[in-house]
Amino acid sequence: MQDALQVVEVEGLDWQAVRNAVNPSFIRANMRSTVERMEALLDRADGPGMLFDTDRADPADKVIQISVVDTASPLWIVGDLHGDLLALEAALAAMRDPASQTGEEKPRIVFLGDLFDDEGFGLEVLLHVFELIVDAPDRVCLIAGNHDEALSYDGVRFASSVVPSDFADFLNANLAHEWIERAGKLAVRLFARAPRALFFPDGLLVAHGGFPLVDLHPRLAETGEWNDPMCLSDFVWTRAHPKARKKLPNRFSRGSQFGHEDFAAFCSVSAGLGRTVTHMVRGHDHIEERYATYPAYRAHPVLTTVALSRRLSRESFGSYERVPTMAQFVEGALPRVYRLHIPADMIREVYPEPNPGSLDSETIQESDR
């Protein structure tokens, strides 16, 4: 595996075209058609046929061992969006840019989850991802993030087990709007069946958060039951400690951390079950630079990537404008990172910075419930 992370600075896009594509009104105007098409896709007797669905051991399998990767078709990985429609449009534009193309095939996309919450354009990002799916389901894979998994519907109202949970609040405020309510129900359905992890044949593990922590390893090694609920939860909720060797699992909290020796131990267990893991790409942690690798994880490298162009309300430090990132699959190596240099004035135009001291600017700590 390559030691040096490949990083591409994306500065020469047609940024005005990207800005023009950020059109929430247009997305909402097409909401009925998008929702109806997505409902029909999920209602198909043979399943929606999304990217990597054919590799599932059975229709309920959420920890997918991928048999073969078509390297002729670029595979992009997009981390947390949290309603960032501008970052999503920039990522899609960069994928289409001839400078980033590696072949003639159309790109495939793996979303690492957390499409909504933290204000922004949660509904529009969700609908836009729906559009991408229904247009070419076999080219899109959507992994559940913790905010996605936390969203629920009891037949009357929506709820969420995390904070911030403004998307559930938005859905409940619009229960009288048929198509917004149906979009929310679709999100719950889609993420209920979404993968929690992908195991690639070159040793790459892809998940939103992490992997089953050390207290689950003996049972996992004995049963080989990757879809155990506790394992599924750890793929979604666990966080990377950048320096620690080991971290004790905290089963009173969904925010458990892991260290580099914990990842090495998981790689050993996974290999014993016929799934080689040598490196990982994930989202979940909102790094200021919007991507990070960790020197302590040199033996088993980990890349964190998120696609956020602004400082979220619950982020205390750093500049308001950020450089969102995405990654491209590179066989046998950490994915190649693309930094999307959206003009600062464009970010502020789409997401005006809250006034200091306003309610929106208060830091909100995410709940680990």
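Up top is the structure.
Within each chain, residues carry numbers counting from 1 in the order of the written sequence. At least 70 in pLDDT is required for a residue's local features to be given in this predicted model, at least 80 for side-chain atom pairs to be given and counted, and no such filter applies to totals for whole chains, interfaces and linings, which use all residues. As a rule here, side-chain values come from all non-hydrogen atoms in the structure, and water together with hydrogens is ignored.

Student: Let's hear about the pairing of strand S16 (residues 336-340): which residues, and what values?
Tutor: Looking along a regular strand, one sees the side chains alternate between the two faces of the sheet. Among the 5 residues in S16, 5 count as buried, and that is most of the element. Both faces of S16 are covered, namely the face carrying Arg 336, Tyr 338 and Leu 340 and the face carrying Val 337 and Arg 339. DSSP calls a pair of strands paired once it identifies at least 2 bridges connecting them. Only DSSP runs of H or I reaching four residues or more are called helices, and only runs of E reaching two or more are called strands; each is numbered from the N terminus. In this sheet, S16 lies alongside strand S15 (residues 325-328) in antiparallel orientation, the contact comprising 4 bridges. Across the sheet, the residue bridging to Ala 327 is Val 337, located in S16. Between buried and exposed lies partly exposed: a residue is buried under 20% and exposed over 50% of the maximum accessible area for its type, with that area taken using a 1.4 Å probe on protein chains only.

Student: I'd like a rundown of the packing of helix H3 (residues 31-42) against helix H8 (residues 178-193), residues and numbers included.
Tutor: Lines fitted to C-alpha atoms define the axes, with helix axes restricted to the stretch in contact, and inter-axis angles between N-to-C directions lie between 0 and 180 degrees. Contact geometry of H3 with H8 gives a least axis separation of 10 Å together with a crossing angle of 30°. Read as a crossing pair, H3 and H8 show a hand that is left-handed. Contacts between H3 and H8 involve Met 31, Arg 32, Val 35, Glu 36, Met 38, Glu 39 and Leu 42 on the former and, on the latter, Trp 179, Ile 180, Arg 182, Ala 183, Leu 186, Arg 189, Leu 190 and Arg 193. For the contact of H3 with H8, a count of residues per class yields 9 nonpolar, no polar and 6 charged. What makes a crossing left-handed is the near helix being turned counterclockwise from the far one by less than a right angle; a clockwise turn instead makes it right-handed. Any two residues whose heavy atoms approach within 4.5 Å at even a single point are treated as in contact. Following the grouping adopted for this structure description, the nonpolar residues are Ala, Val, Leu, Ile, Met, Phe, Trp, Tyr, Cys and Pro, the charged ones are Asp, Glu, Lys and Arg, and the polar ones are all others, Gly among them.

Student: Tell me what's going on with the sheet that holds S16, and back it up with residues and numbers.
Tutor: Ordered by their spatial adjacency, 6 strands build an open sheet running S1-S16-S15-S3-S4-S5, and the pairing between neighbours is mixed. In this open sheet, the two strands that pair with only one neighbour each are strand S1 (7-10) and strand S5 (140-142). Taking the axes of each pair of neighbouring strands and ignoring which way they run, one obtains an average angle of 20° across the sheet. Strand direction decides the pairing type here: S1 and S16, joined by 4 bridges, are parallel. Bridge pairing links Val 10 to Leu 340 in S16.

Student: Hey, could you go over the environment of Asn 146 for me, with residue numbers and the actual values?
Tutor: Mapping Asn 146 onto the fold places it in helix H6 (residues 146-150). Residue class for Asn 146 comes out buried when judged on its relative accessible area of 0%. Once the C-alpha coordinates of Asn 146 and Val 236 are considered, the two residues, 90 residues apart in sequence, prove to be 5.7 Å apart. A polar contact is formed between the side chain of Asn 146 and the side chain of His 284, at a distance of 3.5 Å. Pairs of N or O atoms within 3.5 Å make up the polar contacts considered here, provided that, within protein, one atom can donate a hydrogen while the other can accept it, and that residues adjacent in sequence are counted only when both atoms are side-chain atoms.

Student: Would you mind going over the side chain of Asp 202 in detail, with residue names and values included?
Tutor: Mapping Asp 202 onto the fold places it in the loop between strand S8 (197-199) and strand S9 (204-207). Neither His nor the chain ends is counted toward charge; the positive residues are Lys and Arg and the negative residues Asp and Glu. Salt bridges are identified by distance alone: a Lys or Arg side-chain nitrogen within 4 Å of an Asp or Glu carboxyl oxygen. For the buried Asp 202, which has no salt bridge, the nearest side chain bearing the opposite charge is Arg 108, at an N-O separation of 11 Å. A polar contact of 2.7 Å, which involves the side chain of Asp 202, links it to the backbone nitrogen of Gly 332. Setting aside residues up to four positions removed in sequence, Asp 202 forms contacts with Thr 278, His 279, Phe 329, Val 330, Glu 331, Gly 332 and Ala 333.

Student: Which residues make up the state of the cysteines, and what values do they have?
Tutor: By disulfide we mean two sulfur atoms from cysteines, separated by a distance within 2.5 Å. Within this structure, the stated rule accounts for 0 disulfides. Of all cysteine sulfurs, the one in Cys 267 lies closest to Cys 231, which takes part in no disulfide; the gap is 15 Å. The class of Cys 231 is buried, set by a relative accessible area of 2%.

Student: A description of the pattern of salt bridges should follow, citing residues and the corresponding values.
Tutor: Summed over the entire model, instances satisfying the criterion amount to 25 salt bridges. Put simply, Glu 349 and Arg 19 hold a salt bridge, and the shortest N to O gap is 3.3 Å. You can see Glu 349 sitting in helix H12 (residues 344-350) and its partner Arg 19 sitting in helix H1 (residues 15-21), a full 330 residues away along the chain. For Arg 182, the salt bridge identified is with Glu 39, shortest N-O distance 2.7 Å. Pair noted here: Arg 182 is in helix H8 and Glu 39 is in helix H3, with a separation of 143 residues, a long-range link. For Glu 39, a relative accessible area of 17% puts it in the buried group. Salt bridges sharing partners connect three or more residues here, namely Arg 311, Glu 321, Arg 348 and Glu 353.

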